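Structural characterization, general
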Amino acid sequence: MIELIVLIMLATLCLGGALGVVASRNVAYATICLLVALLAVAGIYVILLSEFLALVQVLIYGGAVTIVLLFALMLTRAHELEGRQDNRQRPVAACASLLVFGAIAFSAYANEQAMAEERVRTTLKTLGTELFSSWLIPFEMAGLILLIVLLGVVIITHREELR
Amino acid sequence: MSLFHFQLISAALFSIGMYGVLARRNAVLILLAIELMLNAVSINFVATAAFLDPQNFMGQVVALFVIALAAAEIGLALAIILRLHRHRSSVNIEEINLLKG
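Not measured: the values here are computed from a predicted model. (Residues numbered from 1 in each chain as written. Chains lettered and ligands numbered in written order. Predicted model: local features only at pLDDT ≥ 70, side-chain atom pairs only at ≥ 80, totals over all residues.)

Moving on, we get to the overall build of chain B. If you tally the helices and strands in chain B, you get 3 helices and 0 strands. When the helices and strands of chain B are listed from N to C terminus, the series reads α-α-α. For 101 residues, the compact-globule estimate of 2.2 N^0.38 gives 13 Å, and the C-alpha radius of gyration of chain B, at 17 Å, exceeds that figure by more than 25%. Each of the three principal axes of chain B carries a C-alpha extent, and together these read 50 × 25 × 20 Å. In chain B, buried positions account for 47% of the 101 residues. In chain B, once contacts between residues fewer than 6 apart in sequence are set aside, the share between residues at least 24 apart is 45%. (Helix = DSSP H or I, 4+ residues; strand = E, 2+ residues; numbered from the N terminus. Rg over C-alpha atoms; globule rule 2.2 N^0.38 Å. Buried ≥ 20, exposed ≤ 12 C-beta atoms within 10 Å, placed from the backbone. Contact = placed C-beta atoms within 7 Å.)

Dropping the structure here:
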(Lines give C-alpha, C1' and ligand atoms only; values in the text may rest on other atoms or scores of the structure.)
Protein backbone atom coordinates (compact mmCIF):
# COMPACT_ATOMS: atom_id res chain seq x y z
CA MET A 1 0.00 0.00 0.00
CA ILE A 2 2.71 2.44 0.98
CA GLU A 3 4.54 1.52 -2.22
CA LEU A 4 1.50 2.56 -4.23
CA ILE A 5 1.31 5.95 -2.47
CA VAL A 6 5.00 6.59 -3.13
CA LEU A 7 4.53 5.50 -6.74
CA ILE A 8 1.64 7.91 -7.22
CA MET A 9 3.69 10.76 -5.75
CA LEU A 10 6.65 9.96 -8.00
CA ALA A 11 4.38 9.64 -11.03
CA THR A 12 2.83 13.04 -10.30
CA LEU A 13 6.29 14.58 -9.99
CA CYS A 14 7.48 12.89 -13.16
CA LEU A 15 4.49 13.77 -15.32
CA GLY A 16 4.34 17.30 -13.89
CA GLY A 17 7.99 17.79 -14.78
CA ALA A 18 7.37 16.38 -18.24
CA LEU A 19 4.44 18.76 -18.79
CA GLY A 20 6.70 21.58 -17.66
CA VAL A 21 9.25 20.54 -20.28
CA VAL A 22 6.76 20.70 -23.15
CA ALA A 23 4.71 23.68 -21.92
CA SER A 24 7.26 26.10 -20.47
CA ARG A 25 8.07 29.19 -22.52
CA ASN A 26 11.37 29.78 -20.79
CA VAL A 27 13.97 27.28 -21.98
CA ALA A 28 15.92 27.36 -18.69
CA TYR A 29 12.75 26.45 -16.76
CA ALA A 30 12.12 23.64 -19.26
CA THR A 31 15.56 22.20 -18.51
CA ILE A 32 15.00 22.36 -14.75
CA CYS A 33 11.62 20.62 -15.24
CA LEU A 34 13.43 17.91 -17.21
CA LEU A 35 15.78 17.45 -14.25
CA VAL A 36 12.79 17.00 -11.91
CA ALA A 37 11.18 14.45 -14.25
CA LEU A 38 14.41 12.45 -14.62
CA LEU A 39 15.01 12.34 -10.86
CA ALA A 40 11.43 11.08 -10.41
CA VAL A 41 12.18 8.36 -12.96
CA ALA A 42 15.17 7.39 -10.79
CA GLY A 43 12.73 7.07 -7.88
CA ILE A 44 10.53 4.79 -9.98
CA TYR A 45 13.59 2.59 -10.63
CA VAL A 46 14.10 2.36 -6.86
CA ILE A 47 10.49 1.16 -6.43
CA LEU A 48 11.23 -1.48 -9.07
CA LEU A 49 14.16 -2.67 -6.90
CA SER A 50 16.88 -1.70 -9.35
CA GLU A 51 19.06 0.59 -7.28
CA PHE A 52 22.07 0.55 -9.55
CA LEU A 53 19.99 1.83 -12.45
CA ALA A 54 18.64 4.64 -10.25
CA LEU A 55 22.20 5.56 -9.30
CA VAL A 56 23.29 5.66 -12.94
CA GLN A 57 20.19 7.70 -13.83
CA VAL A 58 20.96 10.33 -11.18
CA LEU A 59 24.64 10.48 -12.12
CA ILE A 60 24.26 10.66 -15.90
CA TYR A 61 20.94 12.39 -16.44
CA GLY A 62 20.86 14.46 -13.27
CA GLY A 63 24.49 15.44 -13.57
CA ALA A 64 25.96 15.26 -17.04
CA VAL A 65 23.04 15.60 -19.45
CA THR A 66 21.36 18.52 -17.67
CA ILE A 67 24.61 20.48 -17.41
CA VAL A 68 25.42 19.87 -21.08
CA LEU A 69 21.91 20.98 -22.08
CA LEU A 70 22.21 24.16 -20.01
CA PHE A 71 25.55 24.89 -21.67
CA ALA A 72 24.01 24.39 -25.09
CA LEU A 73 21.14 26.74 -24.22
CA MET A 74 23.65 29.33 -23.05
CA LEU A 75 25.83 29.02 -26.16
CA THR A 76 22.96 29.09 -28.65
CA ARG A 77 21.35 32.07 -26.93
CA ALA A 78 17.98 30.35 -27.20
CA HIS A 79 16.28 33.21 -25.36
CA GLU A 80 16.06 34.95 -28.72
CA LEU A 81 13.09 32.71 -29.45
CA GLU A 82 11.39 33.55 -26.18
CA GLY A 83 7.58 33.68 -26.15
CA ARG A 84 7.04 31.69 -29.32
CA GLN A 85 8.45 28.24 -28.71
CA ASP A 86 5.57 26.32 -30.27
CA ASN A 87 4.76 25.96 -33.93
CA ARG A 88 1.45 25.87 -35.78
CA GLN A 89 1.12 22.08 -35.55
CA ARG A 90 0.27 22.32 -31.88
CA PRO A 91 -3.41 21.13 -31.97
CA VAL A 92 -2.55 18.29 -34.34
CA ALA A 93 0.39 17.31 -32.14
CA ALA A 94 -1.85 17.27 -29.04
CA CYS A 95 -4.45 15.07 -30.77
CA ALA A 96 -1.78 12.69 -32.10
CA SER A 97 -0.10 12.24 -28.73
CA LEU A 98 -3.46 11.71 -26.99
CA LEU A 99 -4.27 9.04 -29.58
CA VAL A 100 -0.93 7.32 -28.98
CA PHE A 101 -1.49 7.43 -25.22
CA GLY A 102 -4.96 5.91 -25.64
CA ALA A 103 -3.67 3.17 -27.92
CA ILE A 104 -0.80 2.17 -25.60
CA ALA A 105 -2.96 2.32 -22.46
CA PHE A 106 -5.75 0.29 -24.06
CA SER A 107 -3.40 -2.41 -25.33
CA ALA A 108 -1.66 -2.59 -21.93
CA TYR A 109 -5.06 -2.93 -20.22
CA ALA A 110 -6.31 -5.55 -22.68
CA ASN A 111 -3.18 -7.68 -22.48
CA GLU A 112 -2.60 -7.81 -18.75
CA GLN A 113 -0.61 -10.94 -17.98
CA ALA A 114 -0.11 -13.11 -14.98
CA MET A 115 2.73 -11.72 -12.94
CA ALA A 116 5.53 -13.51 -11.14
CA GLU A 117 4.73 -13.72 -7.42
CA GLU A 118 7.98 -12.87 -5.69
CA ARG A 119 10.13 -9.98 -6.80
CA VAL A 120 13.86 -10.34 -6.79
CA ARG A 121 16.18 -7.57 -5.74
CA THR A 122 19.02 -7.11 -8.19
CA THR A 123 22.41 -6.97 -6.59
CA LEU A 124 25.24 -5.16 -8.29
CA LYS A 125 27.18 -8.44 -8.47
CA THR A 126 24.54 -10.32 -10.44
CA LEU A 127 23.95 -7.38 -12.75
CA GLY A 128 27.69 -7.06 -13.41
CA THR A 129 28.04 -10.78 -14.06
CA GLU A 130 25.16 -10.67 -16.51
CA LEU A 131 26.56 -7.57 -18.23
CA PHE A 132 30.06 -9.00 -18.66
CA SER A 133 29.03 -12.51 -19.71
CA SER A 134 26.00 -12.64 -21.99
CA TRP A 135 26.04 -8.93 -22.90
CA LEU A 136 29.78 -8.54 -23.40
CA ILE A 137 29.76 -7.78 -27.14
CA PRO A 138 26.94 -5.16 -26.93
CA PHE A 139 28.83 -3.63 -24.00
CA GLU A 140 32.01 -3.30 -26.07
CA MET A 141 29.96 -1.93 -28.98
CA ALA A 142 28.54 0.74 -26.67
CA GLY A 143 32.09 1.67 -25.67
CA LEU A 144 33.08 1.92 -29.33
CA ILE A 145 30.05 4.08 -30.10
CA LEU A 146 30.93 6.43 -27.23
CA LEU A 147 34.50 6.74 -28.55
CA ILE A 148 33.31 7.48 -32.09
CA VAL A 149 30.81 10.04 -30.79
CA LEU A 150 33.55 11.73 -28.77
CA LEU A 151 35.74 12.08 -31.87
CA GLY A 152 32.77 13.19 -33.98
CA VAL A 153 31.75 15.90 -31.54
CA VAL A 154 35.28 17.31 -31.44
CA ILE A 155 35.55 17.31 -35.24
CA ILE A 156 32.08 18.84 -35.79
CA THR A 157 32.58 21.69 -33.35
CA HIS A 158 36.18 22.55 -34.25
CA ARG A 159 36.42 22.12 -38.01
CA GLU A 160 37.16 25.77 -38.77
CA GLU A 161 40.02 25.89 -36.33
CA LEU A 162 41.54 22.78 -37.92
CA ARG A 163 41.63 24.28 -41.40
CA MET B 1 0.85 -1.86 -7.49
CA SER B 2 0.88 -3.80 -10.72
CA LEU B 3 2.61 -3.76 -14.06
CA PHE B 4 -0.32 -1.81 -15.52
CA HIS B 5 0.45 1.23 -13.35
CA PHE B 6 3.99 1.38 -14.64
CA GLN B 7 2.82 0.91 -18.21
CA LEU B 8 0.38 3.77 -17.74
CA ILE B 9 3.12 6.09 -16.42
CA SER B 10 5.38 5.08 -19.27
CA ALA B 11 2.67 5.65 -21.89
CA ALA B 12 1.85 9.09 -20.46
CA LEU B 13 5.53 10.10 -20.39
CA PHE B 14 6.00 8.86 -23.95
CA SER B 15 3.04 10.78 -25.32
CA ILE B 16 4.06 13.98 -23.52
CA GLY B 17 7.50 13.61 -25.09
CA MET B 18 5.93 12.98 -28.48
CA TYR B 19 3.84 16.14 -28.17
CA GLY B 20 7.03 18.05 -27.35
CA VAL B 21 8.84 16.68 -30.40
CA LEU B 22 5.94 17.57 -32.70
CA ALA B 23 5.03 20.98 -31.30
CA ARG B 24 8.30 22.69 -30.38
CA ARG B 25 10.31 24.96 -32.64
CA ASN B 26 13.54 25.25 -30.70
CA ALA B 27 15.91 22.39 -31.56
CA VAL B 28 17.25 22.11 -27.98
CA LEU B 29 13.70 21.79 -26.60
CA ILE B 30 13.02 18.97 -29.09
CA LEU B 31 16.08 17.20 -27.65
CA LEU B 32 14.61 17.53 -24.13
CA ALA B 33 11.38 15.92 -25.35
CA ILE B 34 13.36 13.05 -26.95
CA GLU B 35 15.01 12.44 -23.57
CA LEU B 36 11.53 12.11 -22.03
CA MET B 37 10.55 9.51 -24.63
CA LEU B 38 13.74 7.50 -24.02
CA ASN B 39 13.06 7.49 -20.28
CA ALA B 40 9.50 6.28 -20.87
CA VAL B 41 10.84 3.33 -22.86
CA SER B 42 13.39 2.53 -20.12
CA ILE B 43 10.66 2.50 -17.45
CA ASN B 44 8.67 0.10 -19.59
CA PHE B 45 11.63 -2.25 -20.04
CA VAL B 46 12.57 -2.28 -16.35
CA ALA B 47 8.98 -2.71 -15.12
CA THR B 48 8.18 -5.50 -17.55
CA ALA B 49 11.36 -7.38 -16.64
CA ALA B 50 10.77 -6.87 -12.91
CA PHE B 51 7.18 -8.16 -12.98
CA LEU B 52 7.18 -10.85 -15.64
CA ASP B 53 10.67 -12.35 -15.43
CA PRO B 54 12.32 -11.37 -12.12
CA GLN B 55 15.14 -13.91 -12.33
CA ASN B 56 16.47 -12.35 -15.48
CA PHE B 57 17.91 -8.83 -15.53
CA MET B 58 17.53 -8.19 -19.22
CA GLY B 59 15.32 -5.13 -18.75
CA GLN B 60 17.85 -3.41 -16.54
CA VAL B 61 20.71 -4.16 -18.90
CA VAL B 62 18.73 -2.75 -21.83
CA ALA B 63 17.95 0.36 -19.77
CA LEU B 64 21.67 0.79 -19.04
CA PHE B 65 22.40 0.65 -22.77
CA VAL B 66 19.62 3.15 -23.44
CA ILE B 67 21.20 5.57 -20.94
CA ALA B 68 24.67 5.17 -22.48
CA LEU B 69 23.42 5.67 -26.04
CA ALA B 70 21.20 8.59 -24.99
CA ALA B 71 24.27 10.32 -23.55
CA ALA B 72 26.12 9.77 -26.84
CA GLU B 73 23.13 10.96 -28.85
CA ILE B 74 22.69 14.14 -26.86
CA GLY B 75 26.37 15.02 -27.18
CA LEU B 76 26.32 14.59 -30.94
CA ALA B 77 23.01 16.41 -31.38
CA LEU B 78 24.21 19.37 -29.34
CA ALA B 79 27.39 19.56 -31.42
CA ILE B 80 25.28 19.68 -34.58
CA ILE B 81 23.00 22.34 -33.04
CA LEU B 82 26.00 24.49 -32.06
CA ARG B 83 27.31 24.17 -35.61
CA LEU B 84 23.92 25.20 -37.05
CA HIS B 85 23.76 28.14 -34.71
CA ARG B 86 27.21 29.26 -35.82
CA HIS B 87 26.21 29.10 -39.50
CA ARG B 88 22.68 30.50 -39.42
CA SER B 89 22.55 32.13 -35.95
CA SER B 90 19.26 30.38 -35.26
CA VAL B 91 18.09 27.18 -33.57
CA ASN B 92 14.58 27.48 -34.98
CA ILE B 93 13.98 24.30 -36.96
CA GLU B 94 11.42 26.00 -39.20
CA GLU B 95 14.20 28.11 -40.70
CA ILE B 96 16.36 25.07 -41.39
CA ASN B 97 14.55 23.98 -44.54
CA LEU B 98 17.21 23.62 -47.25
CA LEU B 99 16.29 19.96 -47.76
CA LYS B 100 12.54 20.62 -47.83
CA GLY B 101 10.92 19.21 -50.95
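Still more to cover.
Turning next to the interface of chain A and chain B. The interface of chain A with chain B comprises 74 residues on the first partner and 63 residues on the second. Only α1 (2-23), α2 (27-47), α3 (51-75), α4 (90-110), α5 (124-133) and α6 (136-157) of chain A provide two or more residues apiece to the side of chain A that touches chain B. Here the side of chain A that touches chain B gets 12 residues from one element, more than from any other, and that element is α4(A). For the side of chain A that touches chain B, the class distribution of residues is 54 nonpolar, 13 polar and 7 charged. (Nonpolar A, V, L, I, M, F, W, Y, C, P; charged D, E, K, R; others polar.)

The next thing to look at is the packing of α4(A) against helix α1 (residues 3-23) of chain B. Pairs of packed helices are described in terms of their axes, by the angle between the two and the distance that separates them. Orientation of α4(A) relative to α1(B), taken along the N-to-C sense of each, is 160°, at an axis distance of 9 Å. Judged on the interaxial angle alone, α1(B) and α4(A) are roughly antiparallel. Note on packing geometry: the crossing formed by α4(A) with α1(B) is right-handed. Contacts between α4(A) and α1(B) involve Arg90(A), Ala93(A), Ala94(A), Ala96(A), Ser97(A), Leu98(A), Val100(A), Phe101(A), Ile104(A), Ala105(A), Ala108(A) and Tyr109(A) from the first element and Phe4(B), Gln7(B), Leu8(B), Ala11(B), Ala12(B), Phe14(B), Ser15(B), Ile16(B), Met18(B), Tyr19(B), Leu22(B) and Ala23(B) from the second. (Axes fitted to C-alpha atoms, helices over the stretch in contact; angles between N-to-C directions. Parallel < 35°, antiparallel > 145°, perpendicular 65-115°, else oblique. Left-handed = near helix turned anticlockwise from the far one by under 90°.)

Right, let's talk about the confidence of the model for chain B for a bit. Averaged over all residues, the pLDDT of chain B is 88; the fraction at 70 or higher stands at 100%. At the low end of the mean pLDDT range in chain B sits helix α3 (residues 58-88) of chain B, at 90; at the high end sits α1(B), at 93. (pLDDT = per-residue confidence, 0-100.)

Below, the discussion takes up the environment of Ile104(A). Mapped onto the secondary structure, Ile104(A) falls in helix α4. In this view, Ile104(A) contacts Ala11(B) and Phe14(B); residues no more than four positions away in its chain are not counted.

Take α1(B) next. At 3.6 residues per turn, the α-helix brings residues three or four places apart onto the same side. In a regular helix each residue adds 1.5 Å, so 21 residues correspond to 30 Å; α1(B) covers 30 Å between its end C-alpha atoms and thus fits that length. For α1(B), a buried count of 15 out of 21 residues is recorded, marking the element as mostly surrounded by other parts of the structure. (Expected span 1.5 Å × (residues − 1).)

This brings us to unusual backbone geometry. All names here are of chain A. Despite not being glycine, Leu49 shows a phi value in the positive range, around 65°. Mapped onto the secondary structure, Leu49 falls in the loop between α2 and α3. The partly exposed category is assigned to Leu49, around which 16 C-beta atoms lie within 10 Å.

Time to look at the nonpolar core. By size, the foremost hydrophobic cluster in this structure holds 60 residues, and its most contacted members are Cys14(A), Val21(A), Ala37(A), Leu13(B), Val28(B) and Leu32(B). Going through the elements one at a time, α1, α2 and α3 of chain A together with α1, α2 (27-52) and α3 of chain B are the ones with two or more residues in this core. When residues of this core are assigned to their parent elements, the largest contribution, 14 residues, is made by α2(B). Look past the residues within four positions of Ala37(A) in its chain and what remains in contact with it is Cys14(A), Gly17(A), Ala18(A), Val21(A) and Leu36(B). (Core = buried A, V, L, I, M, F, W, Y, C linked by C-beta atoms within 7 Å.)

Residue and element names in this part refer to chain B. Their axes nearest at 8 Å, the elements α1 and α2 cross at an angle of 165°. It follows that α1 is roughly antiparallel to α2 by the angle criterion. Relative to α2, α1 is oriented so that their crossing is left-handed. For the contact of α1 with α2, the class distribution of residues is 19 nonpolar, 7 polar and no charged.

Counting through the fold element by element, Leu15(A) comes out in helix α1. Exposure remark for Leu15(A): the 17 C-beta atoms within 10 Å place this residue in the partly exposed category. Separated by 21 residues in sequence, Leu15(A) and Val36(A) have C-alpha atoms that sit 9.5 Å apart. Setting aside residues no more than four positions away along its own chain, Leu15(A) makes contact with Ala12(B), Leu13(B) and Ile16(B).

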